Amino acid sequence: MQRFQLYIDGAFCDGEASFDSVDPATGKAWAQMPEAREADVDRAVESAHKALYDGPWSKLTATQRGKLLYKLADLVAANAARLAELETLDTGKIIRETSAQIAYVAEYYRYYAGIADKIEGSYLPIDKPDMEVWLRREPVGVVAMVVPWNSQLFLSAVKLGPALAAGCTLVLKASEDGPAPLLEFARLVHEAGFPPGVVNIITGFGPSCGAALGRHPRIAHVAFTGGPETARHVVRNSAENLASTSLELGGKSPFIVFADADLESAANAQVAGIFAATGQSCVAGSRLIVEASVKDRFLALLKRKAEAVRIGSPLDMATEVGPLATARQRQHIDALVERSSAAGARVVTGGRVPVGEGFYYPPTILDCDGVDSPSLAEEFFGPVLSVVSFETEEEALRLANDTVYGLASGVFTQNLTRAHRLMKGIRAGVVWVNTYRAVSPIAPFGGFGLSGHGREGGLAAALDYTRTKTVWLRTSDDPIPDPFVMR
Ligand code: NAD
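Residues numbered from 1 in each chain as written. Predicted model: local features only at pLDDT ≥ 70, side-chain atom pairs only at ≥ 80, totals over all residues. Heavy atoms only, no water.

Points about the overall build of the protein chain
Stage number 1. Helix and strand content of the protein chain: 14 helices and 21 strands.
Stage number 2. Against the 2.2 N^0.38 benchmark of 23 Å for 487 residues, the protein chain shows a C-alpha radius of gyration of 24 Å, consistent with a compact globule.
Stage number 3. Summarising its shape, the C-alpha atoms of the protein chain cover approximately 85 × 55 × 40 Å along the three principal directions.
Stage number 4. When the 487 residues of the protein chain are sorted by exposure, 57% land in the buried category.
Stage number 5. Restricting to contacts in the protein chain with at least 6 residues of sequence separation, those with at least 24 account for 73%.
Stage number 6. Accessible area of the protein chain: about 20100 Å², with a carbon and sulfur share of 54%.
Stage number 7. When the 48 basic and 56 acidic side-chain charges of the protein chain are each reduced to a single mean position, those positions are 1 Å apart. (Helix = DSSP H or I, 4+ residues; strand = E, 2+ residues; numbered from the N terminus. Rg over C-alpha atoms; globule rule 2.2 N^0.38 Å. Buried < 20%, exposed > 50% of the residue type's maximum accessible area, 1.4 Å probe, protein only. Contact = heavy atoms within 4.5 Å. Areas by Shrake-Rupley, 256 points an atom, 1.4 Å probe, with all protein chains shown as cover. Lys, Arg positive; Asp, Glu negative; His and termini not counted. Charge placed at Lys NZ, Arg CZ, Asp CG, Glu CD.)

Here it is, written out as structure tokens:
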């Protein structure tokens, strides 16, 4: 079995314990992973703290930091195929997507490399004589980063890029479900020449590793991606160290199709929105809200496309839907489909666990019209689409906003004024009009409501990893007058 190591203080090392990682396509263990517990976490955080205040990193110019990020970007691009294969092996995400996504991850590092020396302070036109006052922007401190198993290289790039551009040091915790790609990525960080302690990459379990990291007294900020329930633990733990938090959580994103939309194009976008990555995407367009007059036509189109999807080995370039990442994830999906069927949802296609090895689940469509189905409210994080229809634009908007989440949304219409009304009315961090699942380092991303807070991507994300320091400089050589009066 292949063995992986932790990356702490610029060195590769074993963890306090180890565990097996399972290939979701076969259900069999394929690699041994190091398990970081409290002592490893402490060592990693201390090394990040030392690197932030004492090491060579603290003396680099912002331009030099940017150069290191450019180097890392080049290494990610050059090694994308190898990293993709590891991510596919460890998480079951199809190679077709991991290879394209990881090649694009390099662009995130390039974007933030360019931003490193454009994070500017400001000068304040202060209301006092003989006084110069300005704001410095300094790194927020040591950052804890915690990510889930889907798209780990991507979800960490949107944290590492801006944090390193801002001058922070960090400890990144890879998910215990499929940590291979991030542990391998550590080798690229090392090769790029980041000083020891600037980037530490560990993995381990939620309570013994993630929690120990999040509440560590030296952590200033926790950048978390995962489910809302875990986020509550993260926020509670931050009461210990009073670290700030940014939370990228789940979703139940509406996908609205009006009768005037290009239905073929919308159906392709819906397939991308719910079946790509086997539905294990936080932005999955999991609630189809379709105009009643075209519902049957659109559902027939979707059913045909869903049933034509090529299910197979995630390592095969021709495969379109691979296995789910874990057996636990499949059980959760299956149970939610069952509860929804029991509530009255009608299975249009799929809905059954297939026979055979691996954690496969077929593309599934549930018609939930007139049914109070739990599938409309709860996140599957799998390839299951719930469908409801509407008669009016107001009803479509009401249904779209009928969720505790607010991450992404899609609107399909040829009517420009209607598109504008909806993009304003939808309560979600992203609105895609006549497209879906498009991302870019230039475009901020994040949620409303239980989908979290904070934005990743874009210039502001780098500023979020800074804090300001106000500097007052008196320019008069006269002695300070009356010491009992505030200046
Ligand atoms: P999860 O919340 O179970 O785990 C995420 C990470 O948190 C893992 O690394 C885990 O070890 C860690 N963790 C667990 N308990 C912890 C604790 N007490 N303290 C600190 N860390 C702890 O999520 P998951 O099931 O692995 O991933 C699926 C969820 O992630 C879904 O809800 C999905 O929507 C969400 N997600 C969101 C985005 C986004 O950008 N908004 C992207 C991808 C996934």
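Some points on helix H5 (residues 152–165)
Stage number 1. Taking 1.5 Å as the rise per residue, H5 with 14 residues should run 20 Å; its terminal C-alpha atoms sit 20 Å apart, in good agreement.
Stage number 2. Buried residues dominate H5, accounting for 14 of its 14 residues.
Stage number 3. A positive phi of about 95 degrees marks Gly 167, the residue just after H5. (Expected span 1.5 Å × (residues − 1).)

Thoughts on the sheet that holds strand E17 (residues 384–390)
Stage number 1. Taken together, 7 strands build an open sheet; the order of strands is E15-E16-E17-E14-E13-E18-E19 and the sheet is mixed. With one partner strand each, in any of the chains shown, strand E15 (346–349) and strand E19 (432–433) form the two edges of the open sheet.
Stage number 2. Strand direction decides the pairing type here: strand E13 (residues 254–257) and strand E18 (residues 410–412), joined by 3 bridges, are parallel. Residue pairing for E18: Phe 255 is matched across the bridge by Gly 410.
Stage number 3. In the packing of helix H12 (residues 393–400) onto the sheet, the strands contacted are E13, strand E14 (287–291) and E17, and the crossing angle to E17 comes to about 150 degrees. (Pairing = 2+ DSSP bridges. Axes fitted to C-alpha atoms, helices over the stretch in contact; angles between N-to-C directions.)

A word on the pairing of strand E4 (residues 17–23)
Stage number 1. Taken together, the 7 bridges between E4 and strand E5 (residues 28–35) define a ladder with antiparallel strand orientation. Bridge pairing in E5 links Asp 20 to Gln 32.

Points about the site of the ligand
Stage number 1. Taken together, 27 residues form the shell around the ligand, and within it Val 147, Glu 176, Thr 230, Leu 249 and Glu 379 come nearest.
Stage number 2. In the model, an oxygen atom of the ligand is placed 2.7 Å from a nitrogen or oxygen of the Glu 379 side chain.
Stage number 3. In isolation the ligand has 850 Å² of accessible area, and contact with the protein removes 88% of it.
Stage number 4. Secondary structure elements with two or more residues in the shell around the ligand: helix H7 (206–214), strand E11 (219–225) and helix H8 (228–241). (Near = heavy atom within 4 Å. Polar contact = N/O pair within 3.5 Å; in protein donor to acceptor, adjacent residues only side chain to side chain.)

Some remarks on the side chain of His 221
Stage number 1. Here His 221 is to be found in strand E11.
Stage number 2. In this structure the side chain of His 221 is engaged in a polar contact, spanning 3.0 Å, whose partner is the side chain of Ser 246.
Stage number 3. Setting aside its immediate chain neighbours within four residues, His 221 contacts Val 140, Val 142, Val 143, Ala 144, Ala 243, Ser 244, Thr 245, Ser 246 and Tyr 465.

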